[in-house]
There are 2 protein chains.
Amino acid sequence: MVRIAVDAMGGDHAPTEVVAGAIEAAKQGDVQIGLVGDPQVLQAELAKHDISRLPIMPVPSEGVISEGDQPALALRQKPKASIVVATGLVKKGMADGAVTMGSTGAAMATAAVVLGLMDGISRPALGGPVIGFAPRTSIIDVGTNVDCRPSQLLSFAVIGDMWARVFWNIENPTIGLLSVGAEFGKGNRQVRETSELLTKSGLNFVGNVEPNEMVKGDVDVVVADGFVGNVVMKLTEGIGQASVDLVRERLAGALPEGDIESLTQELFEKTNVVNTHGGGPLLGVKGVSVIGHGRGEREEVKRAIEQAKIWHRLGIVPKLGEALTEVRSRAGVEE
Amino acid sequence: MVRIAVDAMGGDHAPTEVVAGAIEAAKQGDVQIGLVGDPQVLQAELAKHDISRLPIMPVPSEGVISEGDQPALALRQKPKASIVVATGLVKKGMADGAVTMGSTGAAMATAAVVLGLMDGISRPALGGPVIGFAPRTSIIDVGTNVDCRPSQLLSFAVIGDMWARVFWNIENPTIGLLSVGAEFGKGNRQVRETSELLTKSGLNFVGNVEPNEMVKGDVDVVVADGFVGNVVMKLTEGIGQASVDLVRERLAGALPEGDIESLTQELFEKTNVVNTHGGGPLLGVKGVSVIGHGRGEREEVKRAIEQAKIWHRLGIVPKLGEALTEVRSRAGVEE
């Protein structure tokens, strides 16, 4: 049994959908849920279900940190908030992973403070496949680290390498560095300095990869500063949505409605991976912490819990810790 | 008559297509062409046409700086190269603008050295509409300045403002700053510092604009670091190409070939603006210098000459110089 602490208070559809999703997960039989929230709220929600034979345990917390709060400040003002209590269970060894559908900022700040960060990671990273046309190409970071030192980008490469190994079973993943030209040395200062570190890292670094090439999926891992990675993710969504609208308009009347719908739906999914699949694990923190999509309902909650279970079983935290230390020493990074 | 110096030696299809395009332009009757190239080459090309009554004058140069050359070095080693001579004609007041289909790096280095840069511009910038879904939204810079100080981004805003005024006749263009969140203060250090300058600039600054929002075209000018702007341009092309391929594959057999072709062609053009239209003026240099697309043939050459003519007639260089000085002093920028 894997033990997952679920923040029942976070997310657009909390607590109702989160509690319902946690119950669905518990029915799988291989996961035990610690449901963290205000006691009266939990009681009211749990009363709607028959949980008598399910491995679900309510864990009391006080209040919630929401999207509008300034995360670091809220963490001090609400030390018993649901996300803090859920993450604390992981830290104390009472849970194998935490899951929240709530504020990304709050989850990150909490994970950094409560679980702690791995060597060379100054903020937790988020990443994974974000372009559906290249479904096995993981981009790291996609939004949490917007001012990266080259040594941080090196750490993202290690994280991506590990991701590709454990998730896709790729033996020696190719690592590319997102840049504006394919030649070595093309790019901004950050990219040029990172190239040098990656060359010495022992990772399977294949050089720069241009954004248009990245879409083809030839490289397993693409390393990017979180600002640029987030631009990639959001622009992909924007171009995708505009393309969907154009195709729908032009095909109207020319094809049966159902055919148009299935084509545009496919195009949408290829360009809106995060909206479709939602969330992901926080990378580089000393514990499993998964952020689900804020708009997610019970199905997404169940899927986020599933993710946390997988990450725990893969032993990603100790494996990643070791790899980071090794690669950074090989590249001569000391900070 | 506007006088344009055309680099006959630069570009994938030089000299044949460049010379042919210049001749086409000369036939319009309102432009005089200085055709710059190796004398024997020019002679051989011109012999193919009847130019007896056209305002075309060959101007001798020696050699060409190509894509593979390191621009700054090549500029010293080939001081009489075609791009250098063509740009020199502008500097000396013997031409109103220069046009090349050759190496972007060479054209930029030459323009910077020979024509000189305006206040606060440390490298010439490139920009314009690069997303076909937002055909009147100009993004500046899209690739030449990959390590920008906030004061450079302020200068890009001034350039974009001028562009929108003269090209689209927009009275008080809205200026957005490309970032990863819409709220003021969201983004990396560069964006946060630039926000403060833009707020004081007197420009119609509307705050941050996210990549997915930018695609909708609600903002007239989007300011971006050249690294990020280039990522935007190339990713748009990549997502567009992948979408075109998907749509073509799924529709095969379901619609007449011609209908599929016209839909995918439209989708391609919306996402490959630069491939479709090619090049643009170098912004922030003290003279008119237009770079056409390297792969361009006679039609594109003619269009690039047309562009140079327009920029000259609009008086963009003196107008931009004044605006830059004014806005920078208002924002308190001194460097």
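These notes cover the structure that comes with them. Here the residue numbers are simple positions, counted from 1 along each chain's written sequence. Starting at A for chains and at 1 for ligands, labels are handed out in the order in which the entities are written. Only residues with pLDDT of at least 70 get local features here, since the model is predicted, and only at 80 or more are side-chain atom pairs given and counted; chain-wide, interface and lining totals rely on the full set of residues. Note that the side-chain values use all heavy atoms of the structure and ignore hydrogens as well as water.

## A few points about the sheet that holds strand β4 (residues 97–100) of chain B
Residue and element names in this part refer to chain B.
Next up, step 1: Strand pairing is assigned whenever DSSP detects at least two bridges linking the two strands. Only DSSP runs of H or I with at least four residues qualify as helices, and only runs of E with at least two residues qualify as strands; both kinds are numbered from the N terminus onward. The six strands are arranged β3-β2-β1-β4-β11-β10 in an open sheet whose pairing can be described as mixed. The open sheet is flanked by β3 (56–60) and β10 (280–281), the only strands paired with a single partner.
Next up, step 2: With two bridges joining them, β10 and strand β11 (residues 289–291) adopt antiparallel strand pairing. Following the sheet pairing, P281 is matched in β11 by V290.
Next up, step 3: Against the sheet, helix α5 (residues 104–115) engages β4 and β11, with an angle of about 175 degrees to β11.
Next up, step 4: Seen against the sheet, helix α12 (residues 298–314) touches β1 (2–7), β2 (31–37), β4, β10 and β11 and runs at an angle of roughly 140 degrees to β1. Residue contacts are counted whenever heavy atoms from the two residues lie within 4.5 Å of one another. Only C-alpha atoms enter the line fits that serve as axes; for helices the fit covers just the stretch in contact. Angles between N-to-C directions range over 0 to 180 degrees.

## Remarks on helix α1 (residues 16–26) of chain A
Next up, step 1: Along α1(A), nine of the eleven residues are buried, which leaves the element largely enclosed by surrounding structure.
Next up, step 2: On the buried face of α1(A), the contacting elements are β1 (2–7), β2 (31–37), α2 (39–46), β3 (56–60) and α12 (298–314) of chain A. Relative accessibility thresholds used throughout: buried, under 20% of the residue-type maximum; exposed, over 50%; partly exposed, between the two (1.4 Å probe, protein chains only).

## Details of the packing of aromatic side chains
Next up, step 1: What counts as a ring pair is set by centres within 6.5 Å for rings of Phe, Tyr and Trp (its six-membered ring), and what kind of pair is set by the plane angle: stacked under 30 degrees, edge-to-face over 60, tilted for all other angles. Evaluated as defined, the whole model comprises eight aromatic pairs over all chains.
Next up, step 2: Considering the side-chain rings of B:F167 and B:W168, the 6.4 Å spacing of their centres and the 65 degrees angle between planes classify their relative orientation as edge-to-face.
Next up, step 3: We classify B:W168 as partly exposed; its relative accessible area is 23%.
Next up, step 4: An aromatic cluster of at least three residues, connected via ring pairs, comprises A:W163, A:F167, A:W168 and A:W311.

## Some details on the side chain of B:T271
Next up, step 1: As for its placement among the helices and strands, B:T271 is situated in helix α10 (residues 257–271).
Next up, step 2: Assessed through its relative accessible area of 0%, B:T271 is described here as buried.
Next up, step 3: A polar contact is formed between the side chain of B:T271 and the backbone oxygen of B:L267, at a distance of 2.9 Å.
Next up, step 4: Those residues in contact with B:T271 that sit more than four places away from it in its chain are A:I239, B:F133, B:T236, B:E237 and B:G240. Pairs of N or O atoms within 3.5 Å make up the polar contacts considered here, provided that, within protein, one atom can donate a hydrogen while the other can accept it, and that residues adjacent in sequence are counted only when both atoms are side-chain atoms.

## What to know about the sheet that holds strand β6 (residues 138–140) of chain B
Residues and elements named next belong to chain B.
Next up, step 1: The strand order across the open sheet formed by five strands is β5-β6-β9-β7-β8, and the pairing between neighbours is mixed. A single partner strand is all that each edge strand has here, and the edge strands are β5 (127–129) and β8 (204–209). Strand-to-strand, the axes of this sheet are offset by a mean angle of 25 degrees, without reference to chain direction.
Next up, step 2: Where β5 and β6 come together, three bridges link them in antiparallel fashion. When the sheet's bridge partners are listed, G127 is paired in β6 with I140.

## Section: the interface of chain B and chain A
Next up, step 1: Contacts between the two partners involve 41 residues from chain B, matched on the other side by 40 residues from chain A.
Next up, step 2: Defined here as a combined quantity, buried area equals the accessible surface (1.4 Å probe) lost by two parts on assembly, summed across both. Regarding the contact of chain B and chain A, the summed buried area is about 3700 Å², with carbon and sulfur atoms giving 77% of it.
Next up, step 3: Its largest share of buried area at the contact with chain A, chain B owes to B:F227, B:L235 and B:I239, together 18% of the area lost on that side.
Next up, step 4: What makes a salt bridge here is a side-chain nitrogen of Lys or Arg within 4 Å of a carboxyl oxygen of Asp or Glu, nothing more. Applying the counting rule to chain B against chain A returns four salt bridges.
Next up, step 5: Between B:E266 and A:R250 there is a salt bridge, with its nearest N and O atoms 2.6 Å apart.
Next up, step 6: Applying the counting criterion to the chain B and chain A interface returns eight residue pairs in polar contact (both at pLDDT 80 or more).
Next up, step 7: When contributions to the side of chain B that touches chain A are tallied by element, the ones reaching two or more residues are α7 (189–200), α8 (211–214), α9 (226–251) and α10 of chain B.

## Focus: the environment of B:V244
All names here are of chain B.
Next up, step 1: Looking at where V244 falls in the secondary structure, it is placed in helix α9.
Next up, step 2: The class of V244 is buried, set by a relative accessible area of 2%.
Next up, step 3: Along the sequence, V244 and E171 sit 73 residues apart, while their C-alpha atoms lie 36 Å from each other.
Next up, step 4: Those residues in contact with V244 that sit more than four places away from it in its chain are T264, L267 and F268.

In short, shape yes, function no, at least from these values alone.
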